[in-house]
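# Summary of the model geometry
The lines below spell out each chain.
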Amino acid sequence: MPLLRFIPEATNINFVGARYFAFAIDGLLLLISIVSIAYQGFNLGIDFTGGVLMEVKAVHAVDIGRLREEINTLGFGESQLQFFGGGECDRPANSCVLIRVQPKQVAAGGDQNAADQVVARSIKGKHGSAFSVRKTDVVGPKVSQELFHDGVLATLLAIAMIAIYVSVRFEWQYGIGAAVATGHDVLVTAGLFSVFHLDFSLTAVAALLTLAGYSINDTVVVFDRIRENRRKYKRMNLADLINLSTNQMVTRTILTSVATAISLLPLFIFGGPALFDFSAPILFGIVVGTFSSIYVAAALLLYLPAPARTVEGAVEATA
């Protein structure tokens, strides 16, 4: 038996009774997200705007923090630096660096490719004596826009496939609830990128997909308990059944979310700018996803036709 329990093992909270308050909070978050995305859009990173990609190698191990500061003094847009290895890059270790730089946007009618070439020449000119440039690539805006569209499509397909799986694994009513709850969590977290102008890159898409998988995990756990209790308490009405099932799982859901958040805190605190745009949205999404799994997903079943087994239970109750 645990010596310390933060949450009572058995709770008796009226989750269904608080659903209108929960719907109001979720509705406000959705409204803020939609308005921000519609009017401000996203602060697109290098992956979705194009830029210069350079592979450089030094004779000695590289101080990547100092190199990042030097690159930033050139006055260009966003920059991303990371080590890569393999082959001669392992002799010595941390001697090869991948540099991605986002050039300033040119005026209408200007030559973006020419601006990208200026970036490449500037980096070579500043560090030409310290590094040997192994490779230089220029990613154009057209390719970057395709990446953005593919990232959005991947996120939408993930939500759709989750809903289809839940519909097949449970019943179609659960699939609708899962789609709404997961879509809400992803959209609100995407709104966080827009509201606070966080860099929206392929890392952001990875964060949203990770959040979708985490969110549906909590939702399915609650749905599975509802399905079990429908077989056990056939005469219980759906509202009481949802309250019972959610109370039985709320301790597990909250402790799982807290444990996940604790594992992300070191990335959030010590990960620096490179990991902030990944860890911060996931931490926010865990809070939103836990809230929606507890208060929203199951409560949506009240507004859909009763699942088949609930109907059977009602028939038995009247017999």
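This report concerns the structure included in the present document. Note that the structure is predicted; figures quoted are calculated from it, not measured. (Residues numbered from 1 in each chain as written. Predicted model: local features only at pLDDT ≥ 70, side-chain atom pairs only at ≥ 80, totals over all residues. Heavy atoms only, no water.)

### Some details on the packing of helix α7 (residues 202–232) against helix α8 (residues 238–270)
Contact geometry for α7 and α8: axes closest at 9 Å, N-to-C directions at 150°. One way to sum up the angle between α7 and α8 is to call them roughly antiparallel. Here α7 and α8 pass one another in a crossing that is right-handed. In contact with Y214, N217, D218, V221, V222, R225, I226, N229 and R230 of α7, α8 contributes L241, I242, L244, S245, T246, Q248, M249, R252, T253, T256, S257 and T260. Partitioned by chemical class, the residues of the contact of α7 with α8 number eight nonpolar, nine polar and four charged. (Axes fitted to C-alpha atoms, helices over the stretch in contact; angles between N-to-C directions. Helix = DSSP H or I, 4+ residues; strand = E, 2+ residues; numbered from the N terminus. Parallel < 35°, antiparallel > 145°, perpendicular 65-115°, else oblique. Left-handed = near helix turned anticlockwise from the far one by under 90°. Contact = heavy atoms within 4.5 Å. Nonpolar A, V, L, I, M, F, W, Y, C, P; charged D, E, K, R; others polar.)

### So, the pattern of salt bridges
Considering all chains together, one arrives at four salt bridges under this definition. For E171, the salt bridge identified is with R230, shortest N-O distance 3.0 Å. Highlighted residues: E171 in the loop between α5 (141–169) and α6 (172–195) and R230 in helix α7, separated in sequence by 59 residues. Both residues of the pair, E171 and R230, belong to the buried class. With a closest N to O distance of 3.4 Å, E228 and R225 form a salt bridge. Residue E228 and its partner R225 are both found in helix α7; the two are separated by three residues, about one turn of the helix. Classification of E228 by relative accessible area gives partly exposed; the value is 39%. (Salt bridge = Lys/Arg side-chain N within 4 Å of Asp/Glu carboxyl O. Buried < 20%, exposed > 50% of the residue type's maximum accessible area, 1.4 Å probe, protein only.)

### Brief notes about the layout of surface pockets
Its volume calculated, the second largest pocket comes out at about 250 Å³. Residue lining of the second largest pocket: 15 residues in total, with V152, T155, L156, V186 and A190 positioned closest to the centre. Secondary structure elements with two or more residues in the lining of the second largest pocket: α5, α6 and α7. Of the residues forming the lining of the second largest pocket, the biggest block, six residues, is contributed by α5. Residue composition of the lining of the second largest pocket, by class: twelve nonpolar, three polar and no charged. (1 Å grid on protein atoms, 1.4 Å probe; cavity = no way out; pocket = protein on both sides within 12 Å on 5 of 7 lines; lining within 4 Å. Points joined across faces, edges and corners; volume = space filled by probe spheres on them.)

### Quick word on the nonpolar core
Grouped together as the largest cluster of nonpolar side chains are 29 residues, with contacts concentrated most on V166, Y174, F200, F223, I226, I242 and L301. Among the elements of the structure, α5, α6, α7 and α8 are those that each provide at least two residues to this core. With eight residues, α7 is the single largest residue contributor to this core. Each residue touching V166, except ones within four places of it in the same chain, is listed here: E171, Y174, G175, A178, I216, V220 and F223. (Core = buried A, V, L, I, M, F, W, Y, C linked by side-chain atoms within 4.5 Å.)

### What to know about the side chain of H184
Its place among the elements puts H184 in helix α6. Of the residues examined, H184 reaches a relative accessible area of 6% and is grouped as buried. Those residues within four positions of H184 in sequence are excluded, and the remaining contacts are D26, L30, V288 and S292.

### Remarks on unusual backbone geometry
Notably, H197 is not glycine yet its phi reads approximately 55°, a positive angle. Mapped onto the secondary structure, H197 falls in the loop between α6 and β6 (199–200). On the basis of relative accessible area, H197 is assigned to the partly exposed category, the value being 48%.

### As for a nonpolar patch on the surface
There is a patch of nonpolar side chains on the surface, built from L28, L31, I32, V35, Y39, V195 and F196 and spanning about 740 Å² of accessible area. Among the elements that make up the nonpolar patch, the one with the highest residue count is helix α1 (residues 19–39) (five residues). Mapped onto the fold, F196 is located in the loop between α6 and β6. (Patch = residues over 30% accessible without salt bridge, like charges linked within 9 Å, V, L, I, M, F, W, Y side chains within 5 Å. Areas by Shrake-Rupley, 256 points an atom, 1.4 Å probe, with all protein chains shown as cover.)

### Focus: the packing of aromatic side chains
Going through the model one piece at a time under the given rule, you end up with nine aromatic pairs. A centroid spacing of 6.2 Å and a plane angle of 55° characterise the contact between F23 and Y303, whose relative ring orientation is tilted. Taken together, the positions of F23 in helix α1 and Y303 in the loop between α9 (273–297) and α10 (308–318) put the pair 280 residues apart, joining distant regions of the chain. Accessibility expressed as a relative area gives 26% for F23, which makes it partly exposed. Between Y174 and F223 the ring centres are 5.0 Å apart and the planes differ by 70°, which places this aromatic pair in the edge-to-face class. One end of the pair, Y174, is in helix α6; the other, F223, is in helix α7, and 49 residues separate them in sequence. You can call Y174 buried: its relative accessible area is 1%. A network of ring pairs unites the aromatic residues F42, F148, F193 and F200 as a single cluster. (Phe/Tyr/Trp six-rings, centres within 6.5 Å; stacked < 30°, edge-to-face > 60°.)

### Examining α1
Compared with the 30 Å implied by 1.5 Å per residue over 21 residues, the 30 Å span of α1 between its first and last C-alpha is a close match. Backbone geometry just downstream of α1 places G41 in the positive-phi region, at approximately 70°. (Expected span 1.5 Å × (residues − 1).)

This is a description of form; function is not addressed.
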